[in-house]
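Fold and contact review
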Amino acid sequence: MDDHQLRAVLEALLLATTEPLVPAKAAEVVGVSAERCQRLLEELAEEYRQRESGWELQRVAGGYRLVTRPQFAPYIERLYRRTPAAPLSEAALETLAVIAYRQPVTRAEIEHIRGVNCDSVLNTLLERGLIEEVGRKEAPGRPILYGTSRHFLEHFGLDSPEDLPPLPDEETEGPPGERATK
Amino acid sequence: MDDHQLRAVLEALLLATTEPLVPAKAAEVVGVSAERCQRLLEELAEEYRQRESGWELQRVAGGYRLVTRPQFAPYIERLYRRTPAAPLSEAALETLAVIAYRQPVTRAEIEHIRGVNCDSVLNTLLERGLIEEVGRKEAPGRPILYGTSRHFLEHFGLDSPEDLPPLPDEETEGPPGERATK
Amino acid sequence: MGYSVRLPVFEGPLDLLLHLIEEQRLDIYDIPIAHITSQYLAYLRAMERVDVELASEFLVMAATLMAIKARMLLPKPAEAVATADEEDPRRELVSRLLEYKKFKKAAAVLRALEERQRGKFPAQPRRPSDLRPDLSYLPADTLQVLWTAFSRLLKDADPVPQQIMRDLITVRQKMALVLRTLRRHPGRVQLDGLIGPAPSRTDIVVTFLAVLELARMGRLRVIQDFPFGPVWLERVGEWHGRSPAAGSSRSPAASHH
């Protein structure tokens, strides 16, 4: 199969699936190397950019996904009366932030940081598939450890957890007594 | 809006739905003439043909629909069928049994019966398309209700969950202590 | 402070404290504890007046603040003077506030990422119409296995209350209702939307069966974009006001056009 044909196959696969298309998976399906798929997917992404299509090839959760360009959202919403998924609540975002940056983390650790009970918000996040149980902590009671899921990456358009921006001001904060000025 | 931009809007509209896009409707949403939309859609169709994309613009019942080109169907099929070959675990089977016979049922109810956390097992079953969300229970937290999927029923040639073989001695079951044998 | 009409809502006591500190530009490393305590208590009283039920954590924090205030007022015992500097009663509170503040900022970052992502609609999947997921990994005797697994479970479980009710609305009636709803709404309809505000178990089952039947007949498609995501129904066949005339109604969905 030449590059031209393979590119068309990849486009068909992209259009046919909701899951981000992982190069290795596409490679297995077509019977070519993952590197070639990856290279051609990058080429496609570039082509759509150049051409100023209505869509873009987004790199997310380790794969590639066709999404409409954000500036066209109003037309889509109007024609299909589709609304984007409801935004997460502040409580959910705070909890997710703690989990994302501290994973794997127990409920008690999250609650200590947020200063409030997190039972119901954790349930919501589990139900929406944004977090998942990743194990048990070797501590009294063997509490559940939580981490972010693949769907978390998709929801925020991230390729991997490493793509999260660094935690703000992490290095400039110090214990009270050790700071000379305010 | 120039032709170039309008073309991108039409592409976004085509990507976001599987329903045929009717030129008059698109025109209404964007605020241009139906004829212009029609002309640009025809141009797009021609462009995808020339370029030998993985998709084509299909004219169907008064509208236009983006579909994968038929010769790529085998790859798409293989992508979907690339399910993990591993058989279901005992835990997954137990959970599936509870859902099959008690649907619609919440996670809490399943966990009550199985006596263990069922989060990851439910995810497995959802991913494999054996169960699906069928609604929400009108109870605090509006928990998700699970049921077996259409594919589950089809696979076993069942018309509805009621066609499952009856449980043994359903009426003779009592609390553990009241049964003489196991 | 005039907390008059609109009271801001806080995620918790730390959120509230941070707000007070930032609003009044106080130094987080040298919190005027008596001042902040009275502000904090004023807010709690205001919330009480408008009948907002406060989480118990707010009250725990009030107690903590008062304890810190008391410790700061206490004359230091003579032998403690030497080490006084390293034991600031506010120390733990400050480090918790700083830690919380970091995650509050991180939450804002996530909010921005989410907002950017919400404008991007993913491609709706186009499956070849005859495609079914591969269930071949299920052993042939799965039904038997299910049956055994479940009866074994029942032995160990408390009996689950089973309700058996007469159908108030038949599956066939429900099918007609579902079709009408889908006709009225172009695009997709969420499955939850088909079930009334307070559905009985029976209603849910009947709706479910009606949807299953319609899907089997090829009249609608059931779509879930991601695991745990909402379930959507999409009409297949008659559309754009055209009547579901016999024969023509199914064709648009099939890929053999």
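The preceding data block contains the structure.
Below, the structure is looked at part by part. Every chain is numbered independently, its residues counted from 1 as its sequence is written. Each chain is given a letter, starting from A, and each ligand a number, starting from 1, according to the order in which they appear as written. Totals for whole chains, interfaces and linings use every residue, but because this is a predicted model, local features are given only for residues with pLDDT of at least 70 and side-chain atom pairs only at 80 or more, for both listing and counting. Working from all heavy atoms in the structure, the side-chain values ignore hydrogens and water.

**Details of helix 2 (residues 23-30) of chain A**
Residue and element names in this part refer to chain A. Where helix 2 is concerned, the buried positions are Pro23, Ala26, Ala27, Val29 and Val30. Along the axis of helix 2, the buried positions cluster into a sector of 165°, meaning they face one direction only. We count a stretch as a helix when DSSP gives it H or I for four or more residues in a row; a strand needs E for two or more, and each element gets its number in order from the N terminus. Looking one or two residues past helix 2, Gly31 carries a phi angle of roughly 85°, positive in sign. Only protein chains enter the accessibility calculation, which uses a 1.4 Å probe. A residue is then buried if its area is under 20% of the maximum for its type, exposed if over 50%, and partly exposed in between. Each direction from the helix axis to a C-beta atom contributes to the arc, which is the arc of those directions.

**Examining the pairing of strand 5 (residues 144-148) of chain B**
Residue and element names in this part refer to chain B. For strand 5, the tally of buried residues reaches five of five residues, placing the bulk of the element in the interior. Neither face of strand 5 is open: one carries Ile144, Tyr146 and Thr148, the other Leu145 and Gly147, and all of them are buried. Summarising the sheet, strand 3 (residues 105-106) and strand 5 pair through two bridges and their orientation is antiparallel. Within strand 5, the residue paired with Thr106 across the bridge is Leu145. Whether two strands pair comes down to DSSP finding at least two bridges between them. As paired elements, strand 4 (residues 131-136) and strand 5 share five bridges and run antiparallel to each other.

**Observations regarding the packing of aromatic side chains**
Only rings of Phe, Tyr and Trp enter the pairing, Trp through its six-membered ring, and a pair is recorded when the two centres are within 6.5 Å. The plane angle decides the type: under 30 degrees is stacked, over 60 is edge-to-face, the rest tilted. Tallied over the full model, the rule gives seven aromatic pairs over all chains. Between A:Tyr48 and A:Trp55, the aromatic rings sit 6.3 Å apart at their centres with planes inclined by 90°, giving edge-to-face as the arrangement. A network of ring pairs unites the aromatic residues A:Tyr48, A:Trp55, B:Tyr48 and B:Trp55 as a single cluster.

**Notes on the interface of chain C and chain A**
The criterion used for residue contact is that any of the two residues' heavy atoms lie within 4.5 Å. Facing 41 residues of chain C, the contacting portion of chain A comprises 63 residues. Once two parts are brought into contact, the accessible area they lose, counted with a 1.4 Å probe and summed over both, makes up the buried area. Roughly 4800 Å² is buried in total at the junction of chain C and chain A, and carbon and sulfur atoms are behind 60% of that figure. The term salt bridge refers to a pairing of a side-chain nitrogen on Lys or Arg with a carboxyl oxygen on Asp or Glu at a separation within 4 Å. Counting every contact that joins chain C to chain A gives six salt bridges. As a salt-bridge pair, C:Lys104 and A:Glu90 come within 3.6 Å of each other at their nearest N and O atoms. Counting of polar contacts relies on pairs of N or O atoms within 3.5 Å, with two restrictions inside protein: one atom must be capable of donating a hydrogen and the other of accepting it, and residues adjacent in sequence are counted only when both atoms are side-chain atoms. In this structure, the connection of chain C to chain A is made through 13 residue pairs in polar contact (both at pLDDT 80 or more). Of all the elements in the fold, those that place two or more residues in the side of chain C that touches chain A are helix 1 (13-23) and helix 4 (91-118) of chain C. It is helix 4 of chain C that contributes the most residues to the side of chain C that touches chain A, 21 residues altogether. Each residue gets one of three labels, nonpolar for Ala, Val, Leu, Ile, Met, Phe, Trp, Tyr, Cys and Pro, charged for Asp, Glu, Lys and Arg, and polar for the others, Gly among them. By residue class, the composition of the side of chain C that touches chain A is 19 nonpolar, four polar and 18 charged.

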